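Notes for the structure review
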Amino acid sequence: MSLPLVLAIESSCDETGIAVVESGRRIHANVVASQVALHAPAGGIVPEVAARAHLRWILPVLDEAWTAAGVGWGDIAAITVTEGPGLAGSLLVGINVAKTLAWIRRKPLVGVNHLEGHVYAAWLLDPGAAEVEPPRFPAVALVVSGGHTFLAEMRDHLDYRLLGETVDDAAGEAFDKVGRLLGLGYPGGPAIQRAAEGAIRHDAVFPRAWMGDSYDFSFSGLKTAARRTVASARADEGLADEPAAPLSSARTAELAWGFQDSVVDVLVTKAIRAARELGAASIVLGGGVAANGPLRARLAGEAAALGVPLVVPRPGLCTDNGAMIGAAGWRRFQAGERSSLDLEARPSWPLAAR
Ligand code: KG4
Ligand code: ZN
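**A word on the overall build of the protein chain**
The secondary structure content of the protein chain amounts to 11 helices and 10 strands. Taken over the C-alpha trace, the protein chain has a radius of gyration of 20 Å; the compact-globule value for 354 residues is 20 Å, and the two agree within 12%. Projected onto its principal axes, the C-alpha positions of the protein chain cover 70 × 45 × 35 Å. Per-residue burial over the protein chain gives 53% buried out of 354 residues. Contacts spanning at least 24 positions in sequence make up 73% of the contacts within the protein chain whose residues lie at least 6 apart. Roughly 14,500 Å² of accessible area belongs to the protein chain as shown, and the carbon and sulfur atoms make up 55% of that amount. For the protein chain, the distance from the average position of its 32 positive side-chain charges to the average position of its 38 negative side-chain charges is 2 Å.

Here you go:
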C-alpha cells in the first residue's frame, strides 16, 4: 500500500525543484537546481535559456531527490506538478516529466497552482525537525514573489478569498529592477538586503503607495522614484548617467535601505491591518521576497504585538522549490482532485480561480 507520500515537481521559473513530501508536511527529500548563475549575466531570466536548463537538469534532480528520499514507487500515492502560473516553456518541462512518470508508474497526477505552493510552504517541516503548530484558520496569507504580490484570506484548506494584489509590478520584480539600477546584479532581492545591511544612515525616504484603504499594492511609482533618486545621487557624486562607475558603497547602502524599507512598510502594514480586520488566527508569509530578513523581522514583531501567530518558512522554502508543490498537491489529492494526462501548462492562473 502506498504511504501518504507525493513526488512533487516544480519548474515554473528558474529553479528546477523535485521533492518527496509526506502528508503535505514532512519533507523526505527536496532538491533544487538554481539557474541564478546562468541568468545573472543577462540581468534577468531569459525564458528560452530557462526552459533549456530545466531540460538539462530535471532528470539529475529527479535522481538525486529519489535517492535522498530512499523510497520505492510502491510508497508514492501521487505525482504533483506545478501547472502554472509561470513561463510556458519552463512549465512544460516539469509537466511532461510528471505526466510520463504518472503514465509509466500508473500514479494519479495532480496539477498545482504555483502560488498555492507558496502559501502551503508554511505547512512544511524539514526532515527531523520538531513538530510545530501549523497555521490556523482563518488565516491571512501574504505571498510576495518575483511575479506576484497579493493578500488572501483562507477560511479553510484550499479556500481563498483574494483581498488585494499588485496593480502593476510584483514586489520581487521591483527589488530586481532597483538592484539593477544600483548595479548590484541579479537577483536584486538578496543583493539589496545585503547592501542595506551596510547602511550607516537610515534617512532615505522612498514613496509608499497606500492605494487608499484597499489591500491592493503598487510598486511602479516606487521604481520610478528609485530611478530618479539614483540619477540625482550619481549627479551628486559627479558620475555620468550610464552606470559605468558605481555609486559609492555608502550611498548605495543608504538607497538600498530606503527602498527596502518602503516595500517592507507597505507589505507589513497591509498584512497586519488585514489580520486585525478579519480576526485572523494566523498570518502566513510566502514567496521569494519572504526570504527578506527585515520583512520577516518586522512582520514577526507586529504580528506578536497583535497576538496573532506568524508562520513563515525558512528562507530556502520561501523561494521556489518542489516541496511546496508537494504540500499543496497533497491537499488537492486528499480533496479528490486528479488531473488527466492531457494536462497543459497554464502560464497565467490566478490563485483563487480553478
Ligand atoms: O518565489 P520566487 O523564488 O520566484 C517567483 O515565483 O517569482 O521569487 C523570486 C523573487 C526575486 O524577485 C528575488 O529578487 C526575490 O524573490 N528575493 C528576495 C530575497 N530573496 C529572493 N527579495 C528580497 N529579499 C530577499 N532576501
Ligand atoms: Zn515562486
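**Brief notes about the coordination of the zinc ion (ligand 2)**
Looking at the zinc ion (ligand 2), one finds its protein donor set to be His114 (NE2), His118 (NE2) and Asp320 (OD), positioned 2.0 to 2.1 Å from the metal centre. Counting along the primary sequence, the residues that act as donors to the zinc ion (ligand 2) give the motif H-x3-H-x201-D. Linking His118 in helix 4 (residues 114-120) with Asp320 in the loop between helix 10 (315-318) and helix 11 (323-334), this pair joins segments that are 202 residues apart in sequence. Grouping residues by exposure puts His118 and Asp320 together as buried.

**Focus on helix 7 (residues 220-236)**
Between its first and last C-alpha, helix 7 extends 24 Å over 17 residues, near the 24 Å set by a 1.5 Å rise per residue. Within helix 7, the full set of buried residues consists of Leu222, Lys223, Ala225, Ala226, Val230, Ala233 and Arg234. In the core, the buried residues of helix 7 are packed alongside helix 5 (171-181) and helix 8 (249-278). In the stretch just after helix 7, Gly238 is the one whose phi turns positive, near 70 degrees.

Each value, and the rule that gives it
- Residues numbered from 1 in each chain as written.
- Chains lettered and ligands numbered in written order.
- Predicted model: local features only at pLDDT ≥ 70, side-chain atom pairs only at ≥ 80, totals over all residues.
- Heavy atoms only, no water.
- Helix = DSSP H or I, 4+ residues; strand = E, 2+ residues; numbered from the N terminus.
- Rg over C-alpha atoms; globule rule 2.2 N^0.38 Å.
- Buried < 20%, exposed > 50% of the residue type's maximum accessible area, 1.4 Å probe, protein only.
- Contact = heavy atoms within 4.5 Å.
- Areas by Shrake-Rupley, 256 points an atom, 1.4 Å probe, with all protein chains shown as cover.
- Lys, Arg positive; Asp, Glu negative; His and termini not counted.
- Charge placed at Lys NZ, Arg CZ, Asp CG, Glu CD.
- Donors = N, O, S within 2.8 Å, 3.2 Å for Na, K, Ca; no water.
- Expected span 1.5 Å × (residues − 1).

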